[in-house]
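# Overview (structure and organization)
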Amino acid sequence: MPKRLKINTLLKGDLCGQEVCARGWVRTKRDSKSVSFINLNDGSNQMGIQIIVDTDIENYEAILHLNTGAAIEAVGKLVDSPGKGQKFEIHADQIHIYGNAPGESYPLQKKGHSLEYLREIAYLRPRTNTLGCVFRIRNGLAHAIHQFFQDRGFIYVHAPVITASDAEGSGEMFQVTTLDLKNPPATEKGALDYSQDFFGKPVFLTVSGQLEAEIFALALSDVYTFGPTFRAENSNTSRHLAEFWMIEPEISFCDLDDMTVMTEEFLKYLLHYCLEHYREDLEFLQKFYNKKLIATLEGIVQSTFKKITYSEAVDVLQKSGKSFEFPVQWGADLQSEHERFLTEQHFKCPVVVVDYPKDIKAFYMRQNDDGRTVAAMDVLFPKLGEIIGGSQREERYDSLLERIHAMEMNEKEYWWYLNLRRFGTVPHSGFGLGFERLVQFATGMDNIRDVIPFPRVPKHAEF
Ligand code: 4AD
Ligand code: MG
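The paragraphs below set out a description of the structure included in this document. Computed from a predicted model, the values in this text were never measured in an experiment. (Residues numbered from 1 in each chain as written. Chains lettered and ligands numbered in written order. Predicted model: local features only at pLDDT ≥ 70, side-chain atom pairs only at ≥ 80, totals over all residues. Heavy atoms only, no water.)

## Description of the nonpolar core
- Counting 66 residues, the largest nonpolar core has Phe 381, Leu 433 and Leu 438 as the members making the most contacts within it.
- Discounting residues that sit within four places of it in the chain, Phe 381 has contacts with Leu 267, Leu 271, Ile 300, Phe 305, Thr 343, Pro 350, Ile 387 and Phe 441.
- Grouped together as the second largest cluster of nonpolar side chains are 33 residues, Ala 313, Leu 334, Leu 380 and Leu 400 included. (Core = buried A, V, L, I, M, F, W, Y, C linked by side-chain atoms within 4.5 Å. Buried < 20%, exposed > 50% of the residue type's maximum accessible area, 1.4 Å probe, protein only. Contact = heavy atoms within 4.5 Å.)

## Here we look at the pairing of strand S5 (residues 88-99)
- In terms of strand pairing, strand S3 (residues 49-54) meets S5 through 3 bridges, oriented parallel. By the bridge assignment, Ile 52 is partnered in S5 with His 91.
- As paired elements, strand S4 (residues 71-80) and S5 share 10 bridges and run antiparallel to each other. Across the sheet, residue Val 75 finds its bridge partner in S5, namely Gln 94. (Pairing = 2+ DSSP bridges. Helix = DSSP H or I, 4+ residues; strand = E, 2+ residues; numbered from the N terminus.)

## Here's the deal with the site of ligand 1
- The immediate surroundings of ligand 1 are formed by 24 residues, with Glu 168, Gln 210, Glu 248, Glu 386 and Ile 387 found nearest.
- In the environment of ligand 1, an oxygen atom lies 2.9 Å from a nitrogen or oxygen atom belonging to the side chain of Arg 393.
- Between an oxygen atom of ligand 1 and a main-chain N or O atom of Gly 434, the distance comes to 3.2 Å.
- If ligand 1 stood free it would expose 630 Å²; the protein chains cover 93% of that surface.
- Cavity membership is defined here by more than half of the atoms lying within 2 Å of grid points; on that basis ligand 1 lies in the largest pocket.
- If you list the elements that add at least two residues to the shell around ligand 1, you get strand S11 (243-252), strand S15 (385-392) and strand S16 (428-434).
- Counting residues per element, the shell around ligand 1 draws most heavily on S15, at 5 residues.
- Counted by class, the shell around ligand 1 contains 8 nonpolar, 8 polar and 8 charged residues. (Near = heavy atom within 4 Å. Polar contact = N/O pair within 3.5 Å; in protein donor to acceptor, adjacent residues only side chain to side chain. Areas by Shrake-Rupley, 256 points an atom, 1.4 Å probe, with all protein chains shown as cover. 1 Å grid on protein atoms, 1.4 Å probe; cavity = no way out; pocket = protein on both sides within 12 Å on 5 of 7 lines; lining within 4 Å. Sits in = over half its atoms within 2 Å of the grid points. Nonpolar A, V, L, I, M, F, W, Y, C, P; charged D, E, K, R; others polar.)

## Quick word on the layout of surface pockets
- Taken as a whole, the largest pocket encloses approximately 1,300 Å³ of empty space.
- Around the largest pocket, the lining comprises 44 residues; the ones closest to its centre are Arg 231, Glu 233, His 240, Asp 333 and Glu 386.
- The set of elements that each furnish at least two residues to the lining of the largest pocket consists of S11, helix H10 (336-346), S15, S16 and helix H13 (435-443).
- Looking at which element gives the most residues to the lining of the largest pocket, the answer is S15, with 6 residues.
- Tallied by class, residues from the lining of the largest pocket come to 15 nonpolar, 13 polar and 16 charged.
- Of the volumes computed, that of the second largest pocket is approximately 1,100 Å³.
- Lining the second largest pocket are 41 residues, and of these Arg 27, Thr 28, Asn 39, Gln 46 and Asn 129 lie nearest its centre. (Points joined across faces, edges and corners; volume = space filled by probe spheres on them.)

## Observations regarding the sheet that holds S4
- Taken in spatial order, the 5 strands line up as S1-S2-S3-S5-S4 and close into a barrel, and their pairing is mixed. In this sheet, neighbouring strand axes are inclined to one another by 55° on average, regardless of whether the strands run parallel or antiparallel.
- Where strand S1 (residues 19-31) meets strand S2 (residues 35-41), 6 bridges bridge the pair, whose relative direction is antiparallel. For Thr 28, the partnering residue across the bridge sits in S2 and is Asn 39. (Axes fitted to C-alpha atoms, helices over the stretch in contact; angles between N-to-C directions.)

## Topic: the environment of Val 223
- Inspection of the secondary structure assignment puts Val 223 in strand S10 (residues 222-230).
- Between the C-alpha atom of Val 223 and that of Gln 150, which follows or precedes it by 73 residues, the distance is 9.5 Å.
- Those residues in contact with Val 223 that sit more than four places away from it in its chain are Phe 154, Ile 155, Val 157, Ala 213, Phe 216, Ala 217, Glu 248, Pro 249 and Glu 250.

## Concerning helix H8 (residues 293-302)
- Turning to H8, its buried residues number three or more, namely Leu 293, Ile 294, Leu 297 and Ile 300. What you see down the axis of H8 is that its buried residues fit within an arc of 125°, all on one side.
- Structurally, H8 contributes buried residues whose contacts are with helix H6 (256-277), helix H7 (279-288), strand S14 (373-381) and H13. (Arc of directions from axis to C-beta.)

## Points about helix H4 (residues 129-151)
- The end-to-end C-alpha separation of H4 is 33 Å, in line with the 33 Å expected for 23 residues at 1.5 Å each.
- Where H4 ends, the next residue or the one after it, Gly 153, has phi of about 80°, a positive value. (Expected span 1.5 Å × (residues − 1).)

## Section: the packing of helix H9 (residues 310-319) against H10
- In contact at an axis separation of 11 Å, H9 and H10 are set at 80° when each is read in the N-to-C sense. The angle between the axes of H9 and H10 places the two elements in the roughly perpendicular class. Contacts between H9 and H10 involve Ala 313, Val 316 and Leu 317 from the former and His 338, Phe 341, Leu 342 and His 346 from the latter. (Parallel < 35°, antiparallel > 145°, perpendicular 65-115°, else oblique.)

## What about the pattern of salt bridges?
- Under the defined criterion, the tally for this structure stands at 21 salt bridges.
- Note that Asp 257 is salt-bridged to Lys 307, the shortest N-O span being 2.8 Å. In this pair, Asp 257 is assigned in helix H6 and Lys 307 in strand S12 (residues 306-309), connecting sequence segments 50 residues apart.
- For Asp 257, a relative accessible area of 44% translates into the label partly exposed.
- A salt bridge links Glu 283 to Arg 279, with the nearest nitrogen and oxygen atoms 3.7 Å apart. Here Glu 283 and its partner Arg 279 are both found in helix H7, 4 residues apart, which amounts to about one turn of the helix. (Salt bridge = Lys/Arg side-chain N within 4 Å of Asp/Glu carboxyl O.)

## A look at the packing of H6 against H8
- Close contact between H6 and H8 brings their axes to 9 Å; oriented N to C, the two are set at 140°. Here H8 runs oblique to H6, going by the angle between their axes. Considering the relative orientation of H6 and H8, their crossing is left-handed. Side by side, H6 and H8 meet where Lys 268, Leu 271, His 272 and Leu 275 of the first sit next to Ile 294, Leu 297, Glu 298, Ile 300 and Val 301 of the second.
- When the residues that make up the contact of H6 with H8 are grouped by side-chain class, the tally is 6 nonpolar, 1 polar and 2 charged. (Left-handed = near helix turned anticlockwise from the far one by under 90°.)

This is the structure we're talking about:
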């Protein structure tokens, strides 16, 4: 009995003429008088492999009753395929049926289904061509991210998921508690008695691993996190999730300019990696979803990112003559429509906006000498707007404390973060890349919910 090999390996053709074994799920089956044709898919590629089954095979009666979705094993000779669209096929000697599927009541039929429908059956959608392509590319990008950082001597750090600190200071955190919500314990003064909660104080799901990454950068020099983060923001858009994965490098002895250079190199590296390794998947997605996908990715890889200050961006927007839904005014945050105008229409390339007003950015960003901006950086991509947000961190104790007070934050909660500025402080910078926004861009999918296995958004936490 030959060893089971994945279909993408078999299709390399090295074993042509030999007995092989493939396992997977039936995508389609067509019966003619003398043979049946099965397209088998095991997730290793988009095309699957064609299995030819002669009518004289032992269990042909059962083969006739095989439906889309059935799980089988095919053993037979790998041969050159005379048919169009594939180089090799398997001429089966034996078909073992693991589990049939019920025919018409199987939720995935041969015809294409809408992405909305597929979200409702997220437990089956990885079996579709589209989601197969997306999740192979997602996996490849995760691999490439580690490769990029590991090749450059960065150390992968695991930030905690449960935390007491609000890293972004924006109060959009999910609370984690084991208290009985029907009958919560009260203190004598009538407040919630957190001393009885699991951790003895209020804790939350992390919004960002940055503050913990800073601790490690101030010891191991160059580090990165790559983990789930959570935001309880009530945003029902095609670019927001309540649970998403973030990559956060943190680099010691590095200022904003140096980091901006690395950011551009990083994003180009990742998209180039996709083009090199996932051509077949990209071609499928291009054909069905986004006619310019490959050219768009190539365009970014070949582009030079445009770097401008926030003040310059405001100027460009005000002089554009466009009527935006949200007014453009120095001091107000850039909205998605503004970001997209800058990258899609005005500069026609990725744009890095730096030096935002301090009042719209987080407390930890380094104050610039002008007294009104901070050393922040957002990378804007076509169709998405912001894909990366980062900054040089405030490494000066007094300036940091002043910001914490000015923003009316509780200084006591950040005692260790402040102490890092007293114990061997250094200039350091970092950024956060939203993993799903990256996958969304690389796959050309319109909705972020189609690039994460199980999307969590307001009022939806299925599966
Ligand atoms: O700009 P953000 O909020 O920055 C941070 O969290 C910093 N602590 C990062 C750092 O400097 N280490 O988020 C970073 C990125 C955004 O640019 C966006 O790509 C993504 O995370 N992001 C989201 N992605 C999906 N759904 C959401 N709700 C997101 N919020 C942010
Ligand atoms: Mg941001």
